[in-house]
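The chain contents come next:
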Amino acid sequence: QVQLLESGGGLVQPGGSLRLSCEASGSIESINVMNWYRQAPGNERVLVASLTSGGRTTYLASVKGRFTISRDNAKNTMYLHMNNLRPEDTAVYYCNERLVASGNYFPQPYWGQGTQVTVSS
């Protein structure tokens, strides 16, 4: 059974940095796309960053140039490096991978449990 486990959230001052991690466990045949979403109180969940299996990245306009999505295949771990954080980046961040688990034929979405990021002085 595939699971995604997130870590790395916390409280940081404006202008600070954080790195979120999302470790995948279980037997995985292939990964199509890897995403980070965030959801602020009272708001919908929005896509922040995306990384395809071919290496193409896309970012939410407000985080472009400040956030970087990456993956270490040897560790089965995806990262979101966040620099120059702003109060408006405060949200619960969720990792998401669309992947084919062993024994399956089609890709399915899997979600992490979410990690709180708070940017405040």
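You'll find the structure just up there.
The residue numbers shown here count from 1 along each chain, following its written sequence. Under the rules for a predicted model, residues below a pLDDT of 70 receive no local features and side-chain atom pairs below 80 are neither given nor counted, while totals for whole chains, interfaces and linings still include all residues. Side-chain figures throughout are based on the complete set of non-hydrogen atoms in the structure, without hydrogens or water.

Engineer: Describe unusual backbone geometry, and please don't skip the residues or the numbers.
Structural biologist: Here Asn 76, not a glycine, exhibits a phi torsion of approximately 50°, which is positive. A run of DSSP states H or I qualifies as a helix once it reaches four residues; a run of E qualifies as a strand once it reaches two. Both are numbered from the N-terminal end. Position of Asn 76 among the secondary structure elements: in the loop between strand 7 (67–72) and strand 8 (77–82). Here's how the labels work: a residue is buried when its accessible area is under 20% of the maximum for its type, exposed when over 50%, partly exposed in between, all with a 1.4 Å probe on protein chains only. The class for Asn 76 is partly exposed, based on a relative accessible area of 32%. The phi angle at Asn 84 is positive, at roughly 50°, despite the residue not being glycine. Checked against the element boundaries, Asn 84 lands in the loop between strand 8 and strand 9 (91–101). For Asn 84, a relative accessible area of 42% translates into the label partly exposed.

Engineer: I'd like a rundown of the pairing of strand 8, residues and numbers included.
Structural biologist: Within strand 8, five of the six residues are buried, leaving the element largely enclosed by the surrounding structure. Any two strands with at least two DSSP-identified bridges between them are counted as paired. Strand direction decides the pairing type here: strand 3 (residues 18–25) and strand 8, joined by six bridges, are antiparallel. Note that in strand 8 the partner of Leu 20 across the bridge is Leu 80. Here strand 7 runs beside strand 8; their pairing, made up of six bridges, is antiparallel. From the neighbouring strand, Arg 71 faces strand 8, where its bridge partner is Met 78. Taking the residues that link successive antiparallel strands as the turn, the strand 7-strand 8 hairpin has four residues, and the phi of Asn 76 there is positive, at about 50°.

Engineer: Report on the sheet that holds strand 1 (residues 3–7), specifying residues and quantitative values.
Structural biologist: Overall, antiparallel pairing links the four strands, which are arranged 1-3-8-7 in an open sheet. A strand with exactly one partner marks an edge of an open sheet, and here the two such strands are strand 1 and strand 7. Across the sheet, the mean angle from the axis of one strand to that of its neighbour is 15°, orientation sign disregarded. Note on method: axes are straight lines fitted to C-alpha atoms, helices fitted across the in-contact stretch only, with angles between N-to-C directions ranging 0 to 180 degrees.

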